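The residues making up each chain are set out below.
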Amino acid sequence: MWLVALPLYLLIENRVAIRWIMVRIWAALLLIVGVAGCQPAATVTGKVEIDGSSTVFPVTEAVAEEFQNATKQGVRVTVGISGTGGGFKKFARGETDISDASRPILKDEMKAAADNGIEFIELPICFDALTIAVNPAANWADSITVEELKKIWEPEAQGKITHWNQIRPDWPNEKLVLFGAGTDSGTFDYFTEAINGKAKASRGDYTASEDDNTLVQGIEGNKYALGYVPYAYFEPNQQKMKALKVVPAGKTDGVAPSAETVISGSYTPLSRPLFIYVSKKSAERPEVKQFVEFYLKNVPTLAQEVKYVPLPEGAYAMALDRFAKLETGSGFGGVPEVGLSIEEILKRKPVH
């Protein structure tokens, strides 16, 4: 207000005063613009509840941290680990906003959600290379065939396939110590579908856990261990474990898990898409909407940081469009499938 009241003759006759005033005005404008540019258009507060897959946990945790750092808003994001199956149970009861999943939602889980009035949006986020890992001291093994994996893990193997030399005669006559995903884990469902031909069909005499860190510790602690873990848990523990190359059915050469082999499609059948499932009701809340949009825009970079493989670029645009439309249902219809491309999944009409 003092600028308006300043006598006109002073502005005309005192050039020093003019310059001083203009500098002050310019600085004030810069300050106003700068402050406005740093503030979100609308302050969002609240809480986003997430639970589910331990495989997807590193990705979602990384996104949650970046979201909270980037927005500087009062949104609290919590990420739990109860396994894909355990996460879907909570999700179907309306206890969480988002469910992390390392395999698609199944028919009984879809029904449980529907019975409680929970509609969901299925969003693929990245790829994992499910890794067959052994102790570094297992110098006799460098590769393993899909047929040999089935011989080890099929239900009929329980109590029968107990030693390494039963897999290959030139491997040692030592007890095979197995580690794998727990039955509430999406990794368990995917592995059994891909290797044994039926989800949840597996021998039961092995050390099982929904916590992949437990499996890592078990494999590193026993010379005769063999197990399967997500690539994000193998890669930072390469000094503690060794990845076996996997020889696909009908092939002779083994393929190591990596971003390159997942993208090329040569690491089969153990490369798989990972998902988040968003409650439609939750998605109508501004904090959840903003978080999911941030997730889909930033996960290509953050997935690589935790050693997963981003989807093709166009797939994220399709996922954002699906979320913007609040398009509910699953592209799998509750039936697990192996070997589908993400584009094919997203183009399907979702089944409720």
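Coordinates for the structure precede this section.
Residues numbered from 1 in each chain as written. Predicted model: local features only at pLDDT ≥ 70, side-chain atom pairs only at ≥ 80, totals over all residues. Heavy atoms only, no water.

Side note on the overall build of the protein chain
As a reminder of what qualifies: Per the convention used, a helix needs a DSSP run of H or I reaching at least four residues, while a strand needs a run of E reaching at least two, with both numbered from the N terminus. Contacts between residues were defined by any pair of non-hydrogen atoms, one from each residue, lying within 4.5 Å. Areas reported as accessible are Shrake-Rupley estimates using a 1.4 Å probe. Residue values count occlusion only from the protein chains shown.
Helix and strand counts for the protein chain come out as 15 helices and 13 strands. Residue pairs in contact within the protein chain that sit at least 24 positions apart in sequence constitute 75% of those at least 6 positions apart. Summed over its atoms, the accessible surface of the protein chain is roughly 16700 Å², and 54% of this surface lies on carbon and sulfur atoms.

Concerning the pairing of strand E4 (residues 120-129)
Put simply, the rule reads: Partly exposed residues are those whose accessible area sits between 20% and 50% of the maximum for their type, while under 20% is buried and over 50% is exposed, using a 1.4 Å probe and protein chains only. Here, strands pair whenever DSSP counts at least two bridges between them.
In terms of burial, E4 is largely enclosed, as 10 of its 10 residues are buried. When E4 meets strand E12 (residues 271-279), the two strands line up antiparallel, connected through 9 bridges. Bridge pairing in E12 links phenylalanine 127 to proline 273.

Comments concerning the pattern of salt bridges
Test applied: Every case where a carboxyl oxygen of Asp or Glu lies within 4 Å of a side-chain nitrogen of Lys or Arg is listed as a salt bridge.
All told, the structure shown has 18 salt bridges when counted by the stated rule. In this structure, the salt-bridge partner of lysine 89 is aspartate 184, at a minimum N-O distance of 3.7 Å. Note that lysine 89 is positioned in helix H5 (residues 83-92) and aspartate 184 in the loop between strand E7 (177-181) and helix H8 (186-196), a separation of 95 residues in sequence. What makes aspartate 184 partly exposed here is its relative accessible area of 27%. With a shortest N-O distance of 2.8 Å, glutamate 148 and arginine 168 are connected by a salt bridge. A residue pair is termed long-range when its members are at least 10 positions apart, and glutamate 148 in helix H7 (residues 146-153) and arginine 168 in the loop between H7 and E7 qualify at 20 residues. Look at glutamate 148 and you get buried, because its relative accessible area is 13%. Ionic contacts of the salt-bridge type, sharing partners, join the residues Arg103, Glu109, Asp189 and Lys200 into one network.

A short note on the side chain of threonine 145
Short version of the rule: Residues adjacent in sequence count toward polar contacts only when both atoms are side-chain atoms; beyond that, a polar contact is any pair of N or O atoms within 3.5 Å, and within protein one must be able to donate a hydrogen and the other to accept it.
Along the chain, threonine 145 turns up in strand E6 (residues 143-145). A distance of 2.9 Å separates a polar side-chain atom of threonine 145 from the backbone nitrogen of glutamate 148. In this structure, threonine 145 is in contact with Arg168 and Val247, ignoring residues within four places of it in sequence.

Points about the sheet that holds strand E8 (residues 207-209)
Heads up, the rule is: For helices, the fitted axis covers only the stretch in contact; all axes are lines through C-alpha atoms, and the angles between them, taken along N-to-C directions, range from 0 to 180 degrees.
Taken in spatial order, the 5 strands line up as E8-E7-E9-E5-E10 in an open sheet, and their pairing is mixed. Here the strands that pair on one side only, and so sit at the sheet edges, are E8 and strand E10 (242-243). In terms of strand pairing, E7 meets strand E9 (residues 225-229) through 3 bridges, oriented parallel. For phenylalanine 179, the partnering residue across the bridge sits in E9 and is glycine 227. Sitting on the sheet, H8 touches strand E5 (131-134), E7 and E9, and the angle it makes with E9 is about 105°.

Some remarks on the packing of aromatic side chains
Defined as follows: Centre distance within 6.5 Å is the pairing criterion for rings of Phe, Tyr and Trp, where only the six-membered ring of Trp is used; planes under 30 degrees apart are then read as stacked, over 60 as edge-to-face, and the remainder as tilted.
Per the counting criterion, the structure on display carries 15 aromatic pairs. Plain terms: the ring middles of phenylalanine 67 and phenylalanine 291 are 5.2 Å apart, the flat faces sit at 85° to each other, and that makes the pair edge-to-face. Here phenylalanine 67, found in helix H4 (residues 57-71), pairs with phenylalanine 291, found in helix H13 (residues 286-305); they are 224 residues apart in sequence, far enough to count as distant. Per residue, the accessibility class of phenylalanine 67 equals that of phenylalanine 291, and both read buried. Taking the centre distance of 5.8 Å and the plane angle of 85° together, the rings of phenylalanine 275 and phenylalanine 332 count as edge-to-face. With phenylalanine 275 in strand E12 and phenylalanine 332 in the loop between helix H14 (313-324) and helix H15 (342-347), this pair connects stretches of sequence that are 57 residues apart. Pair check on accessibility: phenylalanine 275 and phenylalanine 332 agree, each one buried. What links up through ring pairs into an aromatic cluster is the set Phe88, Phe120, Phe275, Tyr277 and Phe332.

Focus: the environment of phenylalanine 120
Here phenylalanine 120 is to be found in strand E4. Measuring from C-alpha to C-alpha, the distance between phenylalanine 120 and glutamate 327 comes to 8.2 Å, with 207 residues separating the pair along the chain. Excluding residues within four positions of it along the chain, phenylalanine 120 makes contact with Phe91, Ile105, Met110, Tyr277, Val278, Lys280, Glu327, Thr328, Gly329 and Ser330.

Points about the packing of H4 against H13
The description of two helices packed together rests on the angle between their axes and the distance between the axes. Keep this limit in mind: For a crossing to be left-handed, the near helix must be turned anticlockwise from the far one by less than a right angle; the clockwise case is right-handed. Three residue categories are used. Nonpolar comprises Ala, Val, Leu, Ile, Met, Phe, Trp, Tyr, Cys and Pro, charged comprises Asp, Glu, Lys and Arg, and polar comprises the others, including Gly.
Axis separation between H4 and H13 bottoms out at 9 Å; the angle between their running directions is 115°. In this structure, H4 crosses over H13, and the sense of that crossing is right-handed. Every residue of H13 that contacts H4 at Val59, Thr60, Ala62, Val63, Ala64, Glu66, Phe67, Ala70 and Thr71 is listed here: Glu287, Gln290, Phe291, Phe294, Tyr295, Val299 and Leu302. Tallied by class, residues from the contact of H4 with H13 come to 11 nonpolar, 3 polar and 2 charged.

Observations regarding the sheet that holds strand E3 (residues 98-101)
The 6 strands are arranged E2-E1-E3-E12-E4-E13 in an open sheet whose pairing can be described as mixed. Two strands lie at the open edges of the sheet, namely strand E2 (74-79) and strand E13 (309-310), each paired on one side alone. Of the pairings in the sheet, the one linking E4 to E13 comprises 2 bridges and is antiparallel in character. Looking at E13, one finds that cysteine 126 is bridged to proline 310. Relative to the sheet, H14 contacts E4, E12 and E13, its axis offset from that of E4 by approximately 160°.

A word on a negative patch on the surface
To be explicit about the condition: A patch consists of residues whose relative accessible area exceeds 30% and which take part in no salt bridge; residues with like charges are grouped when within 9 Å of each other, and nonpolar side chains (Val, Leu, Ile, Met, Phe, Trp, Tyr) when within 5 Å. We score Asp and Glu as negative and Lys and Arg as positive, and we do not count His or the chain ends. A single reference atom marks each charge: NZ on Lys, CZ on Arg, CG on Asp, CD on Glu.
A contiguous patch of negative charge on the surface is contributed by Glu61, Glu65, Glu66 and Glu305. It is H4 that contributes the most residues to the negative patch, 3 residues altogether. Classification of glutamate 65 by relative accessible area gives partly exposed; the value is 44%.

All we've got here are geometric facts, nothing functional implied.
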